[in-house]
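Observations on the three-dimensional arrangement
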Amino acid sequence: MQRNGGGVGAGGQPWVLRRVRLTWLSFMLFFILVFFPLIAHYYLTTIDEAGGPDKRIFGPRPGGELCEAKHVQDLCRIRESVSEELLQLEAKRQELNGEIARLNLRIEACKRSIDSAKQDLLQLKNVISQTEHSYKELMAQNQPKLSLPVRLLPDKEDPGLPPPKSARSCRLRSCFDYARCPLTSGFPVYVYDTSSYPWADYIDPLVKQAFAASVKSNIYVTDNPSIACLYLVLVGELQESSPSPLPPPSELEKQLKALPYWRSDGHNHVLVHLSRKSMTQNFLYNVSTGRAAVAQSTFLEQQYREGFDLVVSPLVHALSEPNFLEVPPQVPVKRKYLFTFQGERVESLRSSLQETPPQSFEEEMEGDPPADYDDRIIGTLKAVQDSHLDQVLVEFTCKNPRSSLPTEWALCGEREDRLEVLKVSTFALVIAPGDGQVVASAGCGMRLFEALEVGTIPVVLGDHSRLPYHQFIRWSEAAIIVPKPRVTELHFLLRSLSDNDMLAMRRQGRFLWETYFSTSENVLNTLLASIRTNIQVPAAPIKEEPAQEIPHKAGKLAGTDANLADNGDLDLGPVETEPPYASPRFLRNFTYTASDTYRAWNRAPGPFHLFPHTPLDPVLPSEAKFLGSGTGFRPIGGGTGGSGKEFQAALGGNVPREQFTVVMLTYEREEVLMNSLERLNGLPYLNKVVVVWNSPKPPSDDLLWPDIGLPIVVVRTEKNSLNNRFLPWDAVETEAILSIDDDAHLRHDEIMFGFRVWREARDRIVGFPGRYHAWDVNHQSWLYNSNYSCELSMVLTGAAFFHKYYAYLYSYVMPQAIRDMVDEYINCEDIAMNFLVSHITRKPPIKVTSRWTFRCPGCPQALSHDDSHFHERHKCINFFVKVYGYMPLLYTQFRVDSVLFKTRLPHDKTKCFKFI
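Conventions we followed
The written sequence of each chain sets the order in which its residues are numbered from 1. The predicted nature of this model means local features are confined to residues of pLDDT at least 70 and side-chain atom pairs, given and counted, to a pLDDT of 80 or more, with totals for whole chains, interfaces and linings taken over all residues. Hydrogens are left out, water is left out, and the side-chain values use all remaining heavy atoms of the structure. The secondary structure listing takes helices from DSSP runs of H or I that are at least 4 residues long and strands from runs of E that are at least 2 residues long, numbered from the N terminus. The classification of residues rests on relative accessible area computed with a 1.4 Å probe and restricted to protein chains. Under 20% of the type maximum is buried, over 50% is exposed, and intermediate values are partly exposed. Here the Shrake-Rupley method, with its probe set to 1.4 Å, supplies the accessible areas, and only the displayed protein chains count as covering residues. In this analysis, strands are considered paired if DSSP registers two or more bridges between them. The contact criterion used is simple: two residues touch if any of their non-hydrogen atoms lie within 4.5 Å. The convention used is that axes are lines fitted to C-alpha atoms, helices contributing only their stretch in contact, and that angles between N-to-C directions extend from 0 to 180 degrees. When two cysteine sulfur atoms are found within 2.5 Å, that pair is recorded as a disulfide. Between the rings of Phe, Tyr and Trp (Trp by its six-membered ring), a pair exists once the centres lie within 6.5 Å; its type follows the angle of the planes, with under 30 degrees stacked, over 60 edge-to-face, and the other angles tilted. Over a ring means this: the NZ of a Lys or the CZ of an Arg is within 6 Å of the ring centre and within 35 degrees of the ring normal. Within this document, salt bridges are pairs made up of a side-chain nitrogen of Lys or Arg and a carboxyl oxygen of Asp or Glu, the two lying within 4 Å of each other. To define a nonpolar core, start from buried Ala, Val, Leu, Ile, Met, Phe, Trp, Tyr and Cys residues and group those joined through side-chain atoms within 4.5 Å. Using a grid of 1 Å spacing that covers the protein atoms alone, one calls a set of points a cavity when a 1.4 Å probe fits there but cannot get out, and a pocket when the set is open and has protein on both sides within 12 Å along at least five of seven lines; lining residues are those with an atom within 4 Å of a point. Grid points are joined across faces, edges and corners, and a volume is the space filled by probe spheres set on the points. Gly is placed with the polar residues, together with every amino acid not listed as nonpolar (Ala, Val, Leu, Ile, Met, Phe, Trp, Tyr, Cys and Pro) or charged (Asp, Glu, Lys and Arg). Counting of polar contacts relies on pairs of N or O atoms within 3.5 Å, with two restrictions inside protein: one atom must be capable of donating a hydrogen and the other of accepting it, and residues adjacent in sequence are counted only when both atoms are side-chain atoms. Working rule for helices: expected span equals 1.5 Å times residues minus one. Rotating anticlockwise by less than a right angle from the far helix to the near helix defines a left-handed crossing, while the corresponding clockwise rotation defines a right-handed one.

When its secondary structure is counted, the chain shows 25 helices and 28 strands. Scored against the burial criterion, the 916 residues of the chain give a buried share of 49%. As displayed, the chain has an accessible area near 46,300 Å², and 56% of this comes from carbon and sulfur atoms.

Once that is clear, we can look at the sheet that holds strand 22 (residues 766–767). One open sheet holds the nine strands; their spatial order is 15-20-18-17-21-26-22-27-28, and the pairing between them is mixed. Edge strands, defined here as strands with exactly one partner in the open sheet, are strand 15 (548–549) and strand 28 (895–896). The pairing of strand 21 (residues 736–741) with strand 26 (residues 799–803) spans five bridges and is antiparallel. When the bridges of strand 26 are listed, Ile-740 appears paired with Ala-799. On the sheet, helix 20 (residues 670–678) packs against strand 17 (660–666), strand 18 (686–693) and strand 20 (712–716) and is oriented at approximately 175° with respect to strand 18.

A cis geometry characterises the amide bond from Val-331 onward to Pro-332, with omega recorded as 5°. For the peptide bond that leads from Ala-604 to Pro-605, omega is 10°, which places it in the cis range. Its place among the elements puts Pro-605 in the loop between helix 18 (597–602) and helix 19 (644–649). The phi dihedral of Ser-264 is positive, around 75°, even though this residue is not glycine. Among the structural elements, Ser-264 can be located in the loop between helix 7 (249–257) and strand 3 (269–273). A residue is classified by how much of its surface remains accessible, and Ser-264, at 64% relative accessible area, is exposed. The phi dihedral of Tyr-685 is positive, around 60°, even though this residue is not glycine.

The subject of this paragraph is the state of the cysteines. Tallying each qualifying case throughout the model produces four disulfides. Between the sulfur atoms of Cys-170 and its disulfide partner Cys-175 the distance amounts to 1.9 Å. Note on the Cys-170 and Cys-175 pair: the S-S dihedral is about -80°, so by sign convention the disulfide is left-handed. Classification of Cys-170 as buried rests on a relative accessible area of 0%.

For any two aromatic rings, the description comes down to two numbers: the centre-to-centre distance and the angle of the planes. Per the counting criterion, the structure on display carries 39 aromatic pairs. Measuring from ring centre to ring centre gives 6.4 Å for Tyr-469 and Phe-517, while their planes differ by 10°; the resulting arrangement is stacked. In this pair, Tyr-469 sits in the loop between strand 13 (457–461) and strand 14 (480–482) while Phe-517 sits in helix 14 (residues 499–517), placing the two residues 48 residues apart along the sequence. Take Tyr-469 and Phe-517: they sit in the same class, and that class is buried. Judged by centre distance (5.4 Å) and plane angle (80°), the ring pair of Phe-660 and Phe-801 falls under edge-to-face. On the criterion of sequence distance, the pair formed by Phe-660 in strand 17 and Phe-801 in strand 26 is long-range, its members being 141 residues apart. Taken together through their ring pairs, the aromatic side chains of Tyr-469, Phe-472, Trp-475, Phe-511, Tyr-516, Phe-517, Trp-601 and Phe-608 make up a single cluster. One residue, Arg-657, lies across the ring of Tyr-581, its end atom 4.1 Å from the ring centre.

Summarising the element assignment, Leu-429 is placed in strand 11 (residues 425–431). Under the relative-accessibility criterion, Leu-429 is labelled buried at 3%. Here the alpha-carbon distance between Leu-429 and Val-460, two residues 31 residues apart in the chain, equals 6.1 Å. In contact with Leu-429, not counting residues within four places along its chain, are Phe-339, Thr-340, Phe-341, Leu-381, Arg-447, Val-459 and Leu-490.

Turning to the pattern of salt bridges, a few remarks are in order. This model, assessed by the stated rule, comprises 36 salt bridges. Between Asp-596 and Arg-599 there is a salt bridge, with its nearest N and O atoms 3.0 Å apart. Judged by relative accessible area, Arg-599 falls into the partly exposed class, the value being 25%. The shortest N-O distance in the salt bridge between Arg-725 and Asp-741 comes to 2.7 Å. Placement of Arg-725 in the loop between strand 20 and strand 21 and of Asp-741 in strand 21 is noted, with a sequence separation of 16 residues between them. The pair formed by Arg-725 and Asp-741 is uniform in burial state, with each residue classed as buried. A cluster of three or more residues bridged by salt bridges with shared partners is formed by Arg-415, Arg-418, Glu-450 and Glu-453.

A separate point is helix 20. Where helix 20 is concerned, the buried positions are Val-672, Leu-673, Met-674, Ser-676 and Leu-677. Taken together, the buried residues of helix 20 touch strand 17, strand 18, strand 19 (704–707) and strand 20.

Attention now goes to the nonpolar core. Membership of the largest hydrophobic core comes to 90 residues, with the highest contact counts inside it found for Phe-187, Leu-230, Leu-232, Phe-517 and Leu-527. Beyond its immediate chain neighbours, meaning those up to four positions away, Leu-527 contacts Val-272, Ala-295, Leu-310, Val-312 and Tyr-469.

Ordered in space as 9-7-11-13-14, the five strands form an open sheet in which the pairing is parallel. Since the sheet does not close on itself, it has two edges, and those belong to strand 9 (392–395) and strand 14, each with one partner. Strand-to-strand twist across the sheet, computed as the mean angle between neighbouring axes with direction ignored, equals 20°. Of the pairings in the sheet, the one linking strand 13 to strand 14 comprises three bridges and is parallel in character. In the strand pairing of strand 14, Leu-461 is matched with Val-482. Relative to the sheet, helix 12 (residues 442–453) contacts strand 7 (337–342), strand 11 and strand 13, its axis offset from that of strand 11 by approximately 170°.

On to the pairing of strand 13, then. Within strand 13, five of the five residues are buried, which leaves it mostly tucked inside the rest of the structure. Burial along strand 13 is two-sided: Ile-457, Val-459 and Leu-461 facing one way and Pro-458 and Val-460 facing the other are all buried. Bridge count for strand 11 against strand 13 is five bridges, and the pairing is parallel. Residue pairing in the sheet places Leu-429 in a bridge with Val-459 of strand 13.

Glancing now at the layout of surface pockets. In this structure, the second largest pocket spans a volume of roughly 1,300 Å³. Around the second largest pocket, the lining comprises 43 residues; the ones closest to its centre are Glu-514, Asn-522, Tyr-812, Val-813 and Met-814. Every element with two or more residues in the lining of the second largest pocket is listed here: helix 14, helix 15 (520–534), helix 22 (804–813), helix 23 (816–825), helix 24 (829–841) and helix 25 (868–884). Taken together, the residues of the lining of the second largest pocket break down into 24 nonpolar, eleven polar and eight charged.

With that out of the way, let us pick up the side chain of Arg-747. Relative to the helices and strands, Arg-747 resides in the loop between strand 21 and helix 21 (748–760). Look at Arg-747 and you get buried, because its relative accessible area is 19%. In this structure the side chain of Arg-747 is engaged in a polar contact, spanning 2.9 Å, whose partner is the side chain of Asp-749.

With that settled, the discussion passes to helix 24. Compared with the 18 Å implied by 1.5 Å per residue over 13 residues, the 18 Å span of helix 24 between its first and last C-alpha is a close match. Where burial is concerned, most of helix 24 is hidden: eleven out of the 13 residues are buried. Among all positions in helix 24, only Glu-829, Asp-830, Ile-831, Ala-832, Met-833, Asn-834, Phe-835, Leu-836, Val-837, Ser-838 and Thr-841 are buried. Looking at the buried residues of helix 24, the elements they touch are strand 24 (781–785), strand 25 (794–795), strand 26, helix 22, helix 23 and helix 25.

The next subject is the packing of helix 6 (residues 205–216) against helix 15. Put simply, helix 6 and helix 15 touch, their axes get as near as 9 Å, and they point 65° apart. The hand of the helix 6/helix 15 crossing is right-handed. Together, Ala-210, Phe-211, Ser-214 and Val-215 of helix 6 and Ser-520, Glu-521 and Leu-524 of helix 15 make up the contact between the two elements. Its residues assigned to classes, the contact of helix 6 with helix 15 shows four nonpolar, two polar and one charged.

Spelled out as structure tokens, the structure:
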């Protein structure tokens, strides 16, 4: 115990000493670390300030004295070395940045080159695919490619025909020599000189003059009788006061047989008798005409040879043409009188000798007493008039009746007076002759003509009558034909017709009158067309406007404006690297005549022309393109369909592949024109560009035209006319025409979408800016309106697709008065085209995309900016309505966008168009 305690006490002193030493060392270390730096700082600062600026140690020294200081020389050398290295590094950095920029440019160029190569590869694949399709189609083709017929003329030798049993039994198959009229003969017609006839002095001079004038302008007439298919002989109408009595029938037969090309029996001859008055002498009734056909307005049953002879319309306007502006409008549908009839019955000898009239309807029809049955018609019509249910005008006595055939109803008064009554009549009665032996009469033909002329719907009482050209014209669409036994129900029948039906009949009647009956030229054309249709010879091809090309120099290769061609990542379609291909022409040469007779005769423009193609051709069913009739078709995805990629690789649709032609009208705006042409570079399915140079001043000699890889045909015009836009230039070889102004801005995807839509609506105008016609309540007339509207009825042809068929109709069929007004105002040609297409189709145009205007900013002032522009267009619309007789434009309340527009798609699908 003591040792432990002593140990502790003995060892306590060293431990205390060690603790004191550690405390002293800590204090000294603290003093050195804290106070020594402070003292050194103070000392150095005091010395630096006391020594003045020249003796400073740490302050800046002028003249680089710092570098002289021995203790910083190494630092200076290091600084200079580092600075030099930094400068070298900076130069190297800039050099590397430049190299990176150059490499980036090369990368971008490579990317563009790759994209271009991909496009070229895609186009090459499309071309290969198209070539393979074409090769397969060529190898599998089992139908000859038709074109314009090559004219084949008959031999001069005429072997003759075996005689028929009798002239009364003549039909085309037995009395007409088809060998003289091959299908490709062109239907040459020889017309005998009227002055050389022995009976020339008996013919009405007005009829002779009108006939001669019509023959002179007819395209089928030939001066070479040896090649003629048909021979025309004018035999009437006879004068009312002939210088000498008409020779007997036997003498007339001798005179006919003496004709130089009569060839004993008169085959392929037509004896033409044109009536100008209701009482026409049927002097050919007892004349044996052999195998010659007879064309006249009056026929008896024993005389008429069905399918061989022709019932023609009377020649009312012999030398004068009707004024279409004086024709009353087709609306309002209902007029003052429900129906009218003015006439006086001419008694027949047979009815006056009959002792007792039949007592019943059956006896009356069985005994066929014509005059007595007319009494029942008179009683029924008078009862309707006396009932006062509707305003009706019937008069059965005349102050001044015109001479007529027995049992026929004579015309009353002068023609002008009759027309004034018909202008206020909804229906006009045409009562057939009471004698059933009369199958056609000039008096009924005259009543029919006058009713159609003023827009009155004819009501023919007597279904046994033969109306003019009844083999081809469907008269039930323009007239009401009622058997005489239904006369008691006539009032109910007429009141039950709707306004739609009546207006459709009135419009069809106007078409028949204008096309077939209105002028002497139309009468002759209709006569020849009926014979030509009977023997199935196609019409003559319609005229094309020869393009007088202006030579021009092509400049540098045109570029592509990305803003105009942008469609995202989609290709708009193959840009054809092969020579442009034209639309097939005249594929239906004989179909129009042989199997399409109804439409040719009962729809505008009539059977007078053969068109290279029309928008009304029939469409094959979908499976036909895969089962034997696939020539030219390019189905989407080969028939499997698809979205954007597959859609852009083929045209698809319901018709074979095709291209379109741009027709651009310009007038002394060379810079604007060149820019517009350059924007067409790279446009798919473009066949060529036709520039209609509307100025008398030619283009500048030093003007360089852009090279867009396709033909640019610059056409010289005879005069400055907006109608030149719609001339059917022979340089246009496609069915589709894109009519575009030289200052119109359209993107490529917009054009392509419009083209695809037009292919599905070929009979309509498909375009971009829409307009409409508005009713002016105050002035009871029409106004042209370009305001934003939810309805439209027109599409401006400054940016629109239409079929070339309508260019033919606009230039050669549409009334000349409309084209004259376009030239007078230098305006309204687009309105005229919309009127024409709507009149033909009875459909409105189709607007595509959201565009309402298309003018380019900064372009020179256009005609449409003039203050008088809209006033002129108001006048045009109302004038065109007068010419047509009604307002043909129809409203539409929709526009067309692509199928997948605004549709959410899976990530692996693309839209048809990015912005449409």
